[in-house]
Amino acid sequence: METLVAWCQWLEHTRIATQIRESLWVFPAIETTHLLAMIVFVGSIGSLDLRLLGFAWKGERVSQLSARLLPWAIAGFFAMALTGLLLFISNAAKLYLNNTMFQLKLGLIVLAGINALAFHFTIYQRVTAWDLSPVTPLHARLAGAASLLLWIGVVIGGRWTGFV
Ligand code: HEM
């Protein structure tokens with residue numbers, strides 16, 4: 001833990017972290033980009049989740065919707081991770097490392113990633129069997145519900161980080 005604290009202290013004293021922290025507009029500009037990327041990411045992944053749950057796009061093939069939306073979700077995620085990292089280094093040790101909401105948010109991101117991989121490598125491998133079904137198999141619905149709840153948790157954790 002001490003090494004992690006020391007590393008975060010070093011991070012927040014780098015030139016780029018100091019510039020982000022001390023400028024009046026750089027932090028808000030990066031945070032705005034973080035939020036714009038969130039719209040792309042949560043919009044696309046949330047749409048897929050709603051299809052899995054049978055709440056939207058019931059006439060669409062799951063595989064076609066995935067092919068169309070996943071590139072946006074992946075691009076949105078990387079933009080979030082990059083801008084999030086820049087926000088993080090600006091006050092890595094002082095504000096974020098020990099922030100419960102920030103820790104919760106990162107934990108939920110890991111869980112959501114595991115859920116997405118588990119879905120992809122299990123039930124999604126047999127998607128041809130249920131591609132057009134308005135009601136998807138139970139495991140697909142469970143994965144969709146877990147994904148939706150976990151990402152909502154990440155958004156709440158992100159918003160709350162500045163208030164604890
Ligand atoms: C990929 C999913 C992510 C989502 C949905 C998400 C969501 C959010 C939200 C809603 C905010 C609040 C913005 C505001 O209050 O204006 C935020 C802020 C922030 N995020 Fe993320 N974020 C994600 C990923 C990340 C990652 C990967 C990191 C770091 C490695 C990160 C670091 C931060 C930091 C440091 C803040 C500023 C907190 C503050 O001081 O208010 N985020 N995020």
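A word on the overall build of the chain
Along its length, the chain carries 7 helices and 0 strands. The N-to-C order of helical and strand elements in the chain reads α-α-α-α-α-α-α. Here the C-alpha coordinates of the chain stretch approximately 55 × 30 × 25 Å along the principal axes. Relative to its 164 residues, the chain shows a buried fraction of 27%.

Some thoughts on the site of the ligand
Near the ligand you find 19 residues, and of these Met80, Gly84, Leu87, Gly158 and Gly162 are the closest. Those elements that place two or more of their residues in the shell around the ligand are α3 (26-53), α4 (62-90) and α7 (138-160). Among the elements that take part in the shell around the ligand, α4 stands out by supplying 7 residues, more than any other. Residue composition of the shell around the ligand, grouped by class: 12 nonpolar, 5 polar and 2 charged.

A short note on the packing of helix α2 (residues 15-22) against α4
Working note: a packed helix pair is described by the angle between its axes plus the distance between those axes. Interaxial distance between α2 and α4 falls to 8 Å at its minimum, and their mutual angle equals 85°. By the angle between their axes, α2 is roughly perpendicular relative to α4. Every residue of α4 that contacts α2 at Ile16, Ala17, Ile20 and Arg21 is listed here: Leu86, Ile89 and Ser90.

A closer look at the environment of leucine 132
Along the chain, leucine 132 falls in the loop between α6 (100-121) and α7. Along the primary structure leucine 132 and serine 63 are separated by 69 residues, whereas in three dimensions their C-alpha atoms are 8.9 Å apart.

A word on the packing of α2 against α3
Their axes nearest at 6 Å, the elements α2 and α3 cross at an angle of 95°. The pairing of α2 with α3 is recorded here as roughly perpendicular in orientation. Contacts from Gln19, Ile20 and Arg21 of α2 reach α3 at Val26, Phe27 and Ile30. Here the contact of α2 with α3 is composed, by residue class, of 4 nonpolar, 1 polar and 1 charged.

Observations regarding the nonpolar core
Counting 22 residues, the largest nonpolar core has Phe41, Ile45, Ala112, Trp151 and Val154 as its most contacted members. Those elements that place two or more of their residues in this core are α3, α4, α6 and α7. The next biggest cluster of nonpolar side chains, apart from the first, holds 6 residues, and it includes Phe88, Ile89, Ala92 and Phe102.

About the criteria used
- Residues numbered from 1 in each chain as written.
- Predicted model: local features only at pLDDT ≥ 70, side-chain atom pairs only at ≥ 80, totals over all residues.
- Helix = DSSP H or I, 4+ residues; strand = E, 2+ residues; numbered from the N terminus.
- Buried ≥ 20, exposed ≤ 12 C-beta atoms within 10 Å, placed from the backbone.
- Near = placed C-beta within 6 Å.
- Nonpolar A, V, L, I, M, F, W, Y, C, P; charged D, E, K, R; others polar.
- Axes fitted to C-alpha atoms, helices over the stretch in contact; angles between N-to-C directions.
- Parallel < 35°, antiparallel > 145°, perpendicular 65-115°, else oblique.
- Contact = placed C-beta atoms within 7 Å.
- Core = buried A, V, L, I, M, F, W, Y, C linked by C-beta atoms within 7 Å.

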